Amino acid sequence: MPVSLCGTWDMVSNVNFDGLMITLGIGVYTRKIALKLKHRKVIEKVGDVYVIKTLSTFRNYTVSFRVDEEFEEFTKGLDDRHCKSLVTWQGNKLVCAQEGEKKNRGWTHWVEDDKLHLEVYCEDQVCKQVFKRVA
Ligand code: VL7
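Residues numbered from 1 in each chain as written. Predicted model: local features only at pLDDT ≥ 70, side-chain atom pairs only at ≥ 80, totals over all residues. Heavy atoms only, no water.

### So, the overall build of the chain
Looking only at helices and strands, the chain features two helices and 10 strands. Taken over the C-alpha trace, the chain has a radius of gyration of 14 Å; the compact-globule value for 135 residues is 14 Å, and the two agree within 12%. A principal-axis box enclosing the C-alpha atoms of the chain has dimensions of 40 × 35 × 25 Å. Considering the chain as a whole, with its 135 residues, one finds that 43% of them fall into the buried category. In the chain, the proportion of contacts linking residues at least 24 apart, taken out of those at least 6 apart, comes to 38%. Approximately 7,800 Å² of the chain is accessible, and the part contributed by carbon and sulfur atoms is 52%. Across the chain, 21 positive and 19 negative side-chain charges occur, with their mean positions spaced 7 Å apart. (Helix = DSSP H or I, 4+ residues; strand = E, 2+ residues; numbered from the N terminus. Rg over C-alpha atoms; globule rule 2.2 N^0.38 Å. Buried < 20%, exposed > 50% of the residue type's maximum accessible area, 1.4 Å probe, protein only. Contact = heavy atoms within 4.5 Å. Areas by Shrake-Rupley, 256 points an atom, 1.4 Å probe, with all protein chains shown as cover. Lys, Arg positive; Asp, Glu negative; His and termini not counted. Charge placed at Lys NZ, Arg CZ, Asp CG, Glu CD.)

If you want it as structure tokens, here you go:
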């Protein structure tokens, strides 16, 4: 039985977030602000619906979905694009494929050594984030 992703998690590292933002077409001023942020992930499961909130002092983003069920996603306040998204379990990893204007876009979450790991990818860029559980 895999470790649950649910809970509140605070960012401890964020590698190549700028590369990801550049690929997504985010302007230089927004990137400068965004690079300084420590994200908080709040992951909840309500029935069979996952809710993932990414919180920061600058912007917040919430997505909710059922695993194995395609949904329309609008990345409001991020790059403001529409995607057809699908989240599946691949072993212990929760994997989201975001089909749309940007190729090879998505993210992968897993728990390892009591940390929440996240890879966010788009085109040839991968951003790697690690979070620790909030006590
Ligand atoms: C979301 C990636 C960056 C624009 C503002 C930065 C505000 C705080 O994909 C993500 O989360 C998934 C998996 O947990 C669930 O949605 C990561 C981080 C933003 C795109 C674009 C920067 C502008 C960051 C919301």
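### Regarding the layout of surface pockets
What the largest pocket holds in volume is close to 680 Å³. Each residue belonging to the lining of the largest pocket can be placed in one class, and the counts come to 17 nonpolar, 11 polar and five charged. (1 Å grid on protein atoms, 1.4 Å probe; cavity = no way out; pocket = protein on both sides within 12 Å on 5 of 7 lines; lining within 4 Å. Points joined across faces, edges and corners; volume = space filled by probe spheres on them. Nonpolar A, V, L, I, M, F, W, Y, C, P; charged D, E, K, R; others polar.)

### Notes on the UniProt feature "domain: Cytosolic fatty-acid binding proteins" (unreviewed entry) in the chain
Per the UniProt record, "domain: Cytosolic fatty-acid binding proteins" (unreviewed entry) is found at residues 7-24. Helix and strand shares over residues 7-24 are 39% and 50% respectively, and the end C-alpha atoms of the span are 28 Å apart. (UniProt positions renumbered as here; feature names shortened; annotations may be inferred.)

### Topic: the sheet that holds strand β8 (residues 106-112)
With respect to topology, 10 strands assemble into an open sheet ordered β4-β3-β2-β1-β10-β9-β8-β7-β6-β5, the strand pairing being antiparallel. A single partner strand is all that each edge strand has here, and the edge strands are β4 (61-66) and β5 (71-74). Neighbour to neighbour, the strand axes of the sheet diverge by 25° on average, direction disregarded. (Pairing = 2+ DSSP bridges. Axes fitted to C-alpha atoms, helices over the stretch in contact; angles between N-to-C directions.)

### Some words on the site of the ligand
Close to the ligand lie 19 residues, the nearest being Lys-41, Ile-52, Arg-59, Tyr-61 and His-109. Take Lys-41: an N or O atom from its side chain is 2.7 Å from an oxygen atom of the ligand. Between the ligand and His-109 there is a distance of 2.7 Å, counted from an oxygen atom to a side-chain nitrogen or oxygen. The fraction of the free accessible surface of the ligand (640 Å²) that becomes covered by protein chains is 97%. Mapping the ligand onto the cavity grids shows that it belongs to the largest pocket. Looking at the shell around the ligand, the elements with two or more residues in it are α1 (17-23), α2 (28-35), β3 (49-55), β4 and β8. Considering every element that reaches the shell around the ligand, the biggest residue donor is α1, with three residues. (Near = heavy atom within 4 Å. Polar contact = N/O pair within 3.5 Å; in protein donor to acceptor, adjacent residues only side chain to side chain. Sits in = over half its atoms within 2 Å of the grid points.)

### So, the pairing of strand β1 (residues 7-15)
In this sheet, strand β2 (residues 40-46) lies alongside β1 in antiparallel orientation, the contact comprising four bridges. Its bridge partner lying in β2, Asp-10 is registered against Arg-40. Pairing of β1 with strand β10 (residues 125-133) involves six bridges; the strand directions are antiparallel. What sits directly across from Met-11, in β10, is Phe-131.

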